Each structure stands twice: as C-alpha cells, then as structure tokens.
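This is what each chain is made of:
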Amino acid sequence: MKIRTRFAPSPTGKMHVGNLRSALYEFLIAKHEGGDFMLRIEDTDQERFVEGATEIIYRTLDKVGLKHDEGPDKDGGYGPYVQSERVGTGIYMKYAKELIDKGEAYYCFCDKERLASLKTEVVEGKEISVYDKHCLSLSSEEIAANLAAGKPYVIRQNNPVEGSTTFHDELYGDITVENAQLDDMILIKSDGYPTYNFANVVDDHTMSITHVVRGNEYLSSSPKYVRLYEAFGWEPPKYVHLPLVTDENHKKLAKRGGSTSFEGLLEQGFVTEAIVNFIALLGWSPEGNRELFTLEELIREFDYHRISKSPAVFDLVKLRWMNGEYIKAMEFERFFEMAEPYLKEALPGERLDLKKIAAMVKTRIEVFPDIAEMVDFFGELPEYDVSMYTHKKMKTDGKSSLEVLKEVLPLFESQEDYSNDGLYQTLLKYVEEKGCKNGYVMWPIRTAVSGKQMTPAGATEIMEVLGKDESLKRIRKGIALLENA
Ligand code: GLU
C-alpha cells in the first residue's frame with residue numbers, strides 16, 4: 001500500500017517549530033517510502049482563524065522544500081483540501097448522521113445555561129464540562145419537534161460508559177483508557193461546522209491517509225478518534241505522536257513572541273537549511289552520531305521508529321553552531337547576498353570593500369547578526385586601552401609596541417602597494433631584519449588598526465580594506481596613545 005501522509009495545519013498564525021516538525025516528519029515518512037505527502041488546511045475553527053496565516057503555510061513549505069503532492073493548489077482526486085470547503089460538500093454532516101443512525105452519536109439541544117451547570121473536570125490544565133448524556137434519552141418525536149422548531153443543536157459522540165478502548169501508537173505502543181473517561185465530545189458544532197476532533201477522522205479516512213503524525217498533545221484525544229473509526233467500521237491509520245518540544249529549562253516551548261516560529265528564526269539570522277536540519281533532530285536521531293543532513297539525506301535516513309518519546313530540547317546553542325556550519329559551507333555569492341544588509345547596517349556610509357569584509361567573517365559567525373560586532377571597527381576605530389598592546393605569548397608590551405609602530409610607520413608611509421600581499425611582504429622583511437617573531441610585530445599593528453583584541457582577520461588584511469590614509473592615521477594614533485601612557 002502506498003504511504004500517504006498529510007500536514008494539516010490550522011491557519012492560526014505563524015509557523016511554529018512544532019508545526020514545522022510535524023510537516024517535516026510527515027514529508028520524510030512519505031518520501032522515505034516513495035509515498036505521497038498531502039497538505040490539508042484545517043480552517044473550521046473560525047474564531048482562531050488569522051488573516052494571512054494560510055499564506056505563511058504555503059510560503060514556509062515552499063521555502064523549506066517540503067513539496068506537497070496534493071493540496072488545495074494541487075488536486076490529487078481527494079479534494080477539496082480545505083476543510084471549510086469540505087463543509088460545503090456536506091461530507092461531515094453525512095457521516096455524523098450515519099453515526100446517529102448507528103446509535104454512535106446523538107443530537108444535543110442543551111443550552112448554554114444547562115451546560116454551564118454541569119460538572120467540570122480539569123483536563124490538561126483546561127476546565128471542561130463533562131456532558132451527562134442528558135439528550136441521549138430524547139425520543140425521536142422530541143428530536144423531530146426540536147429540529148422542526150429550528151432549535152440550535154450540536155451532534156455528540158456517544159461513548160459507552162462501560163469497557164475500555166485501546167489504541168496503538170507507533171512510538172508509545174498500546175494505550176488503553178476506560179470508556180467512562182471519554183466524554184461525549186461534540187462532532188458537529190451549532191454553526192454546522194465539524195470540530196477538529198470529528199473532521200480529522202473523516203478527512204484522514206476519506207483521504208486514505210496511512211500515517212498520522214502530530215504532537216503528543218493529541219495523544220489523550222486519540223482513544224475518542226479510535227472509537228469513531230470503530231463506530232464507522234473503518235481501519236484507523238498508523239499514529240505517530242511526537243514528543244514535546246521544550247526550552248532549555250525543560251518547560252514547554254512558548255509560542256509567544258514568535259521567536260521560535262520559522263519566520264522568527266529567519267529574522268534572527270538563521271538559514272533555512274540549518275533550521276530544517278535542526279528541527280529534524282528535535283526528537284529523531286539517526287544511527288551513529290552524525291548531525292548534519294541535507295533534506296535529501298534526511299529522506300534517505302529517516303526511519304520514524306527512531307523517534308524518541310522523551311521531550312526534545314530546543315537548544316539554541318546547538319542551532320547556532322549548526323547555522324555556523326551551514327554558513328561556512330555556503331557558496332560565497334549567496335552568503336554575500338544575505339550578509340550585505342547586515343554589513344551595510346554596521347558600516348553605514350562607509351566606502352569599504354564589503355565583499356572582502358564578508359569573506360573575513362564568513363567562517364567566523366554563527367548567525368548574521370554576529371556580523372555587526374565583528375566589523376564595526378572598520379567604520380570607526382573604537383576607544384581602546386593601551387593595556388591591549390601587552391600580550392604575554394607574543395612577548396609584547398607598551399614599550400616594544402611603541403618601538404615597532406614607530407619603525408613600521410615610515411615603511412608604510414612610503415609603501416604604495418596596499419594589498420594584503422604587498423603589506424605582508426614588507427612586514428616579513430622587517431621581521432627578518434629585526435630577528436624577532438611574527439607576532440611580536442603583527443600584534444601591535446593589528447591592535448593599532450583595529451582597537452580590538454579579536455578581529456576577523458590579520459593586520460595586513462585589515463589594512464588592505466582600510467586603505468593607506470586610514471591605516472596610517474590609526475597607526476599614528478597608536479603611537480600617540482603609547483607615548484602618552
Ligand atoms: N489542525 C491541527 C493543528 O494544527 C492538526 C493536528 C493534526 O495533525 O491532526 O494542530
């Protein structure tokens with residue numbers, strides 16, 4: 001049987017890493033086996049609908065490279081692929097009525113006041129009222145009269161009060177719950193729309209989905225879904241519930257602020273491939289301890305049986321490291337295109353060779369915003385302390401540095417070739433004549449031209465970018481500073 005998976009997002013805002021992980025795993029499970037990956041938009045909860053959220057879904061899948069084989073924009077014969085459009089076909093009502101006929105569901109006409117008076121239970125931190133099956137005892141005449149009178153109603157699942165229901169999850173194994181614990185959840189709301197709880201079952205079945213992958217917040221509802229499959233006499237799909245994603249403090253990753261949404265991560269300077277690679281490892285690990293994978297490689301390696309049940313930590317330090325690796329490996333042209341806005345912001349109005357500076361930082365940054373702090377000295381020499389000239393290993397101090405700077409200044413003044421190479425040759429000659437170590441000379445010069453302890457390049461590379469006038473100005477300033485110390 002061909003594997004068919006689906007990504008079924010609700011257009012309620014940004015694409016959170018948890019959602020993207022579901023999409024990625026669904027995609028990988030299907031593609032690993034040559035199956036189909038489908039996109040279904042679950043927009044039946046009109047209250048949570050956010051304008052523009054559907055576009056974010058398309059944009060993200062496209063950017064990340066999760067190409068769907070079927071979806072609203074790509075008919076595969078199982079449409080419509082948008083739930084609100086499916087409502088119009090009458091499919092949910094048809095199946096809900098089938099359940100009513102089988103005694104597996106019933107009309108409920110209880111009003112708000114009555115529902116509010118019901119016993120409540122706290123489930124996963126939310127207070128929900130437990131329906132007492134009041135309307136199950138209505139006679140068919142009463143129901144017909146209520147319907148004829150246009151009384152608002154919902155349709156509820158009729159769960160048995162005795163016995164138990166077992167369902168199988170590919171990772172968690174068999175899970176059994178007492179039926180008495182299953183509330184008679186609403187299948188069709190009073191506005192005629194299906195609830196997610198009902199629609200996901202009808203859709204997954206009628207769209208021939210073989211594997212359902214979703215966050216484990218759905219684990220506790222799954223027995224009710226399995227009860228629906230049983231009631232219809234349908235075969236349930238394989239379930240893969242994914243572990244929780246937590247922050248470094250092992251708390252559920254907050255969605256607020258959007259900093260852990262896909263777009264939020266892009267804004268923070270992460271690159272798409274690194275985000276995908278990182279998300280792939282949020283709960284899944286390959287054999288061996290390799291960590292860097294392209295999407296193609298993930299398709300080859302992805303065995304969903306290796307998904308872990310323990311919470312996955314969203315480790316920003318690891319993501320930053322991974323991003324740095326992707327930046328190092330990136331083609332220079334693409335890197336420059338991405339780095340240029342950050343360089344321009346850090347060095348406004350400067351007429352410097354940004355390509356040269358970009359090449360210096362490419363292997364040194366983890367995320368693009370790291371650039372600013374690394375290159376700002378090119379624009380303006382920072383105030384620095386003379387103590388920076390002292391370096392034990394290089395055997396430099398204020399005195400030796402002053403001597404070196406004073407000796408190299410005339411060499412640089414008469415130098416015409418301000419290329420890195422040309423400058424370097426001059427210094428090598430000087431080092432040779434002086435009979436000292438390279439660092440003894442390079443350290444003070446680099447300090448003078450950068451005013452920094454850490455720079456993305458050596459003294460002569462920096463001077464090449466700064467040019468003659470600015471380089472000389474900075475060396476003279478170093479001399480003055482040391483003389484006054
Ligand atoms: N619409 C649901 C959500 O976005 C989908 C859950 C599922 O994959 O079944 O959370």
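Residue numbers run consecutively from 1 along every chain, following the written order of its sequence. It should be noted that, the model being predicted, local features are given only for residues of pLDDT at least 70 and side-chain atom pairs only at 80 or more, the latter also being counted only at that level, while totals for whole chains, interfaces and linings use all residues. The basis for every side-chain value is the complete set of non-hydrogen atoms in the structure, without hydrogens or water.

To continue, consider the pairing of strand S3 (residues 105-108). Under the scheme applied here, a residue whose accessible area is under 20% of the maximum for its type counts as buried, over 50% as exposed, and between as partly exposed, the area being computed with a 1.4 Å probe on protein chains only. Numbering of helices and strands starts at the N terminus; helices are DSSP runs of H or I of at least 4 residues and strands are runs of E of at least 2. With burial as the criterion, each face of S3 is covered, one bearing Ala105 and Tyr107 and the other bearing Tyr106 and Cys108. Note on pairing: DSSP must find at least two bridges between two strands before they are called paired. As defined by bridge partners, S3 adjoins strand S6 (residues 154-157) across four bridges and the pair is classed as antiparallel. When the bridges of S6 are listed, Cys108 appears paired with Val154.

On to the packing of aromatic side chains. Here is the rule: rings of Phe, Tyr and Trp (six-membered ring for Trp) pair when centre to centre is within 6.5 Å. Planes less than 30 degrees apart are stacked, more than 60 are edge-to-face, and the remainder are tilted. On inspection of all chains with the given rule, the structure shows 23 aromatic pairs. Taking 3.9 Å as the distance between ring centres and 10 degrees as the angle between the ring planes, the aromatic pair formed by Phe232 and Trp234 counts as stacked. Here Phe232 matches Trp234 in class, with each residue buried. When the ring centre of Tyr78 is taken as origin, the NZ or CZ atom of Arg4, which lies over that ring, is 3.9 Å away. Here, a charge over a ring means that NZ of Lys or CZ of Arg falls within 6 Å of the ring centre while also lying within 35 degrees of the ring normal.

With that settled, consider the site of the ligand. Note on definitions. A residue lies near a molecule or strand when any single heavy atom of the residue is within 4 Å of it. Around the ligand, the structure places Arg6, Ala8, Pro9, Ser10, Glu42, Tyr196, Arg214 and Tyr218. Here a polar contact is recorded for every N or O atom pair within 3.5 Å, except that within protein the pair must consist of a potential hydrogen donor and a potential acceptor, and residues adjacent in sequence are included only if both atoms are side-chain atoms. Contact distances for the ligand include 2.6 Å between a nitrogen atom and a side-chain N or O atom of Glu42. In these tables, accessible area is a Shrake-Rupley quantity obtained with a 1.4 Å probe, and a residue counts as shielded only by the protein chains included in the view. Considered on its own, the ligand offers 300 Å² of accessible surface; in the complex 84% of this is hidden by protein. The residue inventory of the shell around the ligand, partitioned by class, reads four nonpolar, one polar and three charged. Polar here means any residue other than Ala, Val, Leu, Ile, Met, Phe, Trp, Tyr, Cys and Pro, which are nonpolar, and Asp, Glu, Lys and Arg, which are charged; Gly is therefore polar.

Buried and open spaces are told apart on a 1 Å grid over the protein atoms alone, a cavity being a set of points where a 1.4 Å probe fits but cannot get out and a pocket being an open set with protein on both sides within 12 Å along at least five of seven lines. Residues with an atom within 4 Å of a point are the lining residues. Grid points are joined across faces, edges and corners, and a volume is the space filled by probe spheres set on the points. Within this structure, the stated rule accounts for one cavity of 30 Å³ or more. Approximately 30 Å³ is the volume attributed to the largest cavity. Ser10, Pro11, Thr12, Glu42, Asp43, Thr44, Asp45 and Phe49 are the residues that line the largest cavity. Across the lining of the largest cavity, the residue classes tally to two nonpolar, three polar and three charged.

On to helix H2 (residues 53-64), then. One fewer than the residue count of a helix, multiplied by 1.5 Å, yields its expected span. For H2, with twelve residues, the first-to-last C-alpha span of 16 Å sits near the 16 Å given by 1.5 Å per residue. Inspection of H2 places Ala53, Thr54, Ile56, Ile57, Thr60, Leu61 and Val64 among the buried residues, and these make up the whole buried set. Along the axis of H2, the buried residues cluster in a sector spanning 155 degrees; they form a single face. Tucked into the core, H2 has its buried residues touching strand S1 (4-7), helix H1 (17-32), strand S2 (36-39), helix H9 (262-267), helix H10 (272-280) and helix H11 (295-301). Working definition: the arc comes from the directions between the helix axis and the C-beta atoms, pointing outward to the latter. By definition in these notes, contact holds between two residues if any of their heavy atoms fall within 4.5 Å.

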